[in-house]
Amino acid sequence: MIEALTLPVVAADDHRFDLLARVPAQPRARLLWLPALGVAARHYLPLADALAAHGIAVYLHEWRGNGSSSLRPSRTQDWGYREILYHDLPASLAALPRDGAMDTLIGGHSLGGQLACCFAGLHPTVFQRVWLVASGTPYWRTFPGPRGCTLPLIYRFLPWLAQRQGVLHGRRLGFGGTEARGLIGDWARVGLTHHYAGVGITDDLEAGLRTVRGRATAVVMAQDWLAPVPSMQGLLAKLPQVQATLRVLDAATLGTDADHFAWMKSPQAVATLLFHSFE
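Reference entry: report on the structure contained in this document. None of these values were measured; they are calculated from a predicted model. (Residues numbered from 1 in each chain as written. Predicted model: local features only at pLDDT ≥ 70, side-chain atom pairs only at ≥ 80, totals over all residues. Heavy atoms only, no water.)

Before going further, it helps to examine the layout of surface pockets. Taken as a whole, the largest pocket encloses approximately 860 Å³ of empty space. Phe-175, Gly-176, Leu-226, His-260 and Phe-261 are, among the 40 residues lining the largest pocket, the residues nearest its centre. Among the elements of the structure, α3 (111-122), α4 (145-165) and α5 (170-173) are those that each provide at least two residues to the lining of the largest pocket. The element best represented in the lining of the largest pocket is α4, accounting for six residues. (1 Å grid on protein atoms, 1.4 Å probe; cavity = no way out; pocket = protein on both sides within 12 Å on 5 of 7 lines; lining within 4 Å. Points joined across faces, edges and corners; volume = space filled by probe spheres on them. Helix = DSSP H or I, 4+ residues; strand = E, 2+ residues; numbered from the N terminus.)

The strand order β1-β2-β4-β3-β5-β6-β9-β10 describes an open sheet built from eight strands, whose pairing is mixed. Two strands in the sheet have a free side with no partner beyond their single neighbour: β1 (2-10) and β10 (242-249). The mean angle between the axes of side-by-side strands here comes to 20°, regardless of whether they run parallel or antiparallel. Strand direction decides the pairing type here: strand β5 (residues 103-109) and strand β6 (residues 129-133), joined by five bridges, are parallel. Counterpart to Gly-107 in the pairing with β6 is Trp-131. Helix α2 (residues 81-95) rests against β1, β2 (16-24) and β3 (29-34) of the sheet, and its axis sits at about 135° to β1. (Pairing = 2+ DSSP bridges. Axes fitted to C-alpha atoms, helices over the stretch in contact; angles between N-to-C directions. Contact = heavy atoms within 4.5 Å.)

Residues other than glycine seldom take positive phi values, yet Asp-14 does so here, at roughly 75°. Along the chain, Asp-14 falls in the loop between β1 and β2.

We now examine the environment of Ala-29. The residue Ala-29 is located in strand β3 in this model. The class for Ala-29 is buried, based on a relative accessible area of 0%. Put simply, Ala-29 and His-195 are 166 residues apart on the chain and 31 Å apart in space, counted from C-alpha to C-alpha. Residue contacts for Ala-29: discarding those within four places in its chain leaves Gly-55, Ile-56, Ala-57, Met-102, Asp-103, Leu-105 and Phe-278. (Buried < 20%, exposed > 50% of the residue type's maximum accessible area, 1.4 Å probe, protein only.)

At a closest axis distance of 9 Å, the pairing of α4 and helix α6 (residues 181-193) adopts a crossing angle of 165°. Here α6 runs roughly antiparallel to α4, going by the angle between their axes. The hand of the α4/α6 crossing is left-handed. Each of Pro-152, Tyr-155, Arg-156, Leu-158, Pro-159, Ala-162 and Gln-163 in α4 lies in contact with α6, whose residues at this interface are Arg-181, Ile-184, Gly-185, Trp-187, Ala-188, Gly-191 and Leu-192. When its residues are assigned to classes, the contact of α4 with α6 shows nine nonpolar, three polar and two charged. (Parallel < 35°, antiparallel > 145°, perpendicular 65-115°, else oblique. Left-handed = near helix turned anticlockwise from the far one by under 90°. Nonpolar A, V, L, I, M, F, W, Y, C, P; charged D, E, K, R; others polar.)

Structural data, given as structure tokens:
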């Protein structure tokens with residue numbers, strides 16, 4: 001039997017959101033999962049159900065500004081990596097049931113995978129494993145061909161546009177949702193510099209990444225131009241003390257298109273791979 005839970009969470013700055021959970025009767029481990037940019041937590045319920053069927057309790061974090069979040073970005077409401085790493089993710093972590101005998105995993109999709117690694121670096125004794133799906137560093141040099149060469153222009157244009165508009169209207173551009181300008185600024189700087197940091201963050205995130213231990217399972221979709229293999233390799237290289245395994249899944253294995261998002265609706269192959277990496 002799998003229990004469906006909605007856990008109300010309040011961050012230190014009074015940001016409110018729901019942590020969606022799927023918990024099997026006798027969980028073998030628990031996973032804190034971070035979505036992709038602009039994607040509400042509820043869209044990962046098929047993944048949570050599939051993992052819970054394998055005995056993994058899954059807790060779906062909600063991005064500030066999306067889904068159940070009490071906030072929406074605007075000219076007067078702004079945030080970046082600092083608020084996510086210092087307020088929201090600690091609140092989600094604190095909402096997980098206490099069980100010191102159970103492994104605690106963290107993982108995510110796309111930007112969620114990146115910030116999962118950064119958060120693990122801030123709390124290096126908490127998480128035993130990292131699961132990354134369709135993720136990787138946005139650093140432009142890790143993207144092959146002409147597309148990679150165009151990224152520095154994009155990383156300069158999008159923060160400028162967000163500042164001018166007060167937010168980034170990502171859906172109009174086919175990238176993310178309505179995004180806070182501070183978040184886009186922090187993300188773009190990583191894309192230009194390959195250095196994880198953020199406005200107002202006092203910790204050395206890069207040093208934290210080097211302290212993460214345990215195992216990582218990384219999954220790349222064969223036709224995913226938003227997170228190709230070199231991008232994932234670039235992110236894993238920042239975790240030198242982690243024993244990492246990287247797998248590339250094609251459309252035949254997935255049973256759907258092997259792109260950045262299609263797997264979310266048919267996550268059985270991804271869930272099975274992640275679970276077998278845990279055994």
